[in-house]
Structures are given as C-alpha cells and as structure tokens.
Amino acid sequence: MSAEARAALVGADPTMAALIERLGEIDIATRLRRRSEERPADAYGALLRAIVGQQLSTKAARTIFGRVVELFGGATPAPARLLEASEEELRGCGLSGRKVEYVRDLAVHVLEGELELERLGELSDEEVVAEIVAVRGLGQWTAEMFLLFHLERPDVLSGGDLGIRKAVQVEYGLEEMPAPTRVLEIGEAWRPHRSLASLYLWESLASVPVE
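Because the structure is a prediction, the values reported are computed rather than measured. (Residues numbered from 1 in each chain as written. Predicted model: local features only at pLDDT ≥ 70, side-chain atom pairs only at ≥ 80, totals over all residues. Heavy atoms only, no water.)

Remarks on the overall build of the protein
Okay, so step 1: What the protein contains, in helices and strands, is 13 helices and 0 strands.
Okay, so step 2: Relative to the 2.2 N^0.38 estimate, which gives 17 Å for 211 residues, the radius of gyration of the protein is 18 Å and therefore close to what a compact globule would have.
Okay, so step 3: Judged by the C-alpha coordinates and their principal axes, the protein covers about 55 × 35 × 30 Å.
Okay, so step 4: Burial analysis of the protein (211 residues in total) assigns 46% to the buried set. (Helix = DSSP H or I, 4+ residues; strand = E, 2+ residues; numbered from the N terminus. Rg over C-alpha atoms; globule rule 2.2 N^0.38 Å. Buried < 20%, exposed > 50% of the residue type's maximum accessible area, 1.4 Å probe, protein only.)

Laid out in structure tokens, this is it:
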C-alpha cells in the first residue's frame, strides 16, 4: 500500500483520484497497527475476538472479550481450554447462547484440523474466505476484514460493508446506497489495490469498520 498504489488508483478512477487528493496521504501502517492493538495478534485470537464482537459496539465488544480473557487467567484461551469451560461460565462473561455455540465451533474446527490457521497465509484470498466461513458464526464480512487487517492482503473490497457502501454513495453521487454487487462493479477499476481504496472510503466517513 505504497505511493505506487495511490498513483495507480488516481490513474484508474477520477472519483477515487479526487478523494485521494482531498484526503491526502493516508498512513496505512498506523491504521493497521491501531486496529491490531485492540485485537489478538494470532489468527485464532483474532477470529475469536471477531465472534465476540459481532453486533456490538466497539466498547461493549472490548469489555466482553476482556471478561473472556480474564476467565482464562488473562490470556486468550486455547481451543481445548475454551471447550473445557461451561456454558454458564462463558455466558457469565456476557456471551449470548448463540455466541457460546459459535466460539465452541471455532475451537472444534481448529482442534480437528478443519481450520488450519497456520496455513491461512499461504492460501489465496478466496481459499481463506472459504476456510473461515465454514465456521458457524463467521461470515463473508468477517473473513474479508481478516484478509485486510490480519493478513494485510492488498486487494480486498467488502461490497457488503455498510461504511463502504455509504462512502461510495456519497463520493459517486448515487441517489441510493448501492447494492454490494454494484460496489464490486465500481471497485473493479481499483484492482489490484482495493484494500487501499477501501481505507480511503472509510476515511472519507471519518470511520473504520468495527466487529
């Protein structure tokens, strides 16, 4: 996500060029680091944190995940250790019954080798998404955010992200918020730098995606 990537976006799309000119250079490394500071550095911990934070505010997600960590002595619980905890203990941290099922399914996938976390970095974007969405409670959006922020893949565009859809509506002067498929169509011009384009779109709303 370098100056060359910005130049490519400027040359590929006049609307994106105007957005980049307006916002100036974005410090991508700082944004990635700031997001990572609130989330576990390992893949398993990042996905566990994603499940805990679903449909919650950033503050609430941080609080509940903190309680989960406290339950296991201050560290992200290994899959086997998490499965040893009772539903009552996990719900006592603030997890819903559904999320208890989801975090356990994640742990089972890892323990049984169905989700080989150490191999995700070697897989294509599409393969990573397929691996992640096979776990209950982990959907397309979570997989795309994992690609962008955890694996730091350069060409990720989440067409269904509400922030990106809103930013596209504003920047491209659309009467209505575009459908995810329309966002992806517009974003074809940004390949192979759609992650950088996404960050500019989020920045245009002075927001970042939360999970």
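Some details on helix H8 (residues 97-111)
Okay, so step 1: Compared with the 21 Å implied by 1.5 Å per residue over 15 residues, the 21 Å span of H8 between its first and last C-alpha is a close match.
Okay, so step 2: Restricting attention to buried positions, one finds in H8 the residues Gly97, Lys99, Val100, Tyr102, Val103, Asp105, Leu106, Ala107 and His109.
Okay, so step 3: For H8, the secondary structure elements touched by its buried residues are helix H4 (43-53), helix H6 (79-84) and helix H7 (87-92).
Okay, so step 4: In the stretch just after H8, Gly113 is the one whose phi turns positive, near 80°. (Expected span 1.5 Å × (residues − 1). Contact = heavy atoms within 4.5 Å.)

Some points on unusual backbone geometry
Okay, so step 1: Look at the link from Arg191 to Pro192: it is a cis peptide, with omega at 0°.
Okay, so step 2: The topology assignment puts Pro192 in the loop between helix H12 (180-187) and helix H13 (194-204).
Okay, so step 3: Phi at Gln55 takes a positive value of approximately 60°, unusual for a residue other than glycine.
Okay, so step 4: A positive phi angle, close to 55°, is found at Glu152, a residue other than glycine.
Okay, so step 5: When you line up the elements, Glu152 lands in the loop between helix H10 (140-150) and helix H11 (162-171).

Some words on H11
Okay, so step 1: Counting buried positions along H11 yields 7 of 10 residues, so the element is predominantly enclosed.
Okay, so step 2: Within H11, burial applies to Gly163, Ile164, Arg165, Ala167, Val168, Gln169 and Glu171.
Okay, so step 3: Packed against the buried residues of H11 are helix H2 (14-23), H12 and H13.
Okay, so step 4: At the N-terminal boundary of H11, the capping side chain belongs to Asp161, with an oxygen 3.0 Å from the backbone nitrogen of Gly163.
Okay, so step 5: Count one or two residues on from H11 and you reach Gly173, which has phi positive near 65°. (Polar contact = N/O pair within 3.5 Å; in protein donor to acceptor, adjacent residues only side chain to side chain.)

Side note on the environment of Trp202
Okay, so step 1: Tracing the chain through its elements places Trp202 in helix H13.
Okay, so step 2: The spatial distance from the C-alpha of Trp202 to the C-alpha of Lys166 is 9.1 Å, given a sequence separation of 36 residues.

Section: the side chain of Ser198
Okay, so step 1: Here Ser198 shows up in helix H13.
Okay, so step 2: Among the residues examined, Ser198 registers a relative accessible area of 1% and is labelled buried.
Okay, so step 3: Within the local environment of Ser198, its side chain forms a polar contact with the backbone oxygen of Val156, the two atoms lying 3.2 Å apart.
Okay, so step 4: Not counting residues within four places of it along the chain, the set of residues in contact with Ser198 comprises Leu148, Val156, Leu157 and Ile164.

Focus: the confidence of the model for the protein
Okay, so step 1: Per-residue pLDDT for the protein has a mean of 91; in total, 91% of the residues score no lower than 70.
Okay, so step 2: Of all secondary-structure elements in the protein, the lowest mean pLDDT belongs to helix H3 (residues 28-37), at 63, while H12 reaches the highest, 98. (pLDDT = per-residue confidence, 0-100.)

A look at the packing of helix H9 (residues 125-133) against H10
Okay, so step 1: Packing of H9 against H10 brings their axes to within 9 Å, and their N-to-C directions diverge by 130°. For the element pair H9 / H10, the angle class is oblique. As for how H9 packs across H10, the hand of that crossing is right-handed. Residues Asp125, Val128, Val129, Ile132 and Val133 of H9 lie in contact with H10, whose contacting residues are Gln140, Ala143, Phe146 and Leu147.
Okay, so step 2: Partitioning the contact of H9 with H10 into residue classes produces 7 nonpolar, 1 polar and 1 charged. (Axes fitted to C-alpha atoms, helices over the stretch in contact; angles between N-to-C directions. Parallel < 35°, antiparallel > 145°, perpendicular 65-115°, else oblique. Left-handed = near helix turned anticlockwise from the far one by under 90°. Nonpolar A, V, L, I, M, F, W, Y, C, P; charged D, E, K, R; others polar.)

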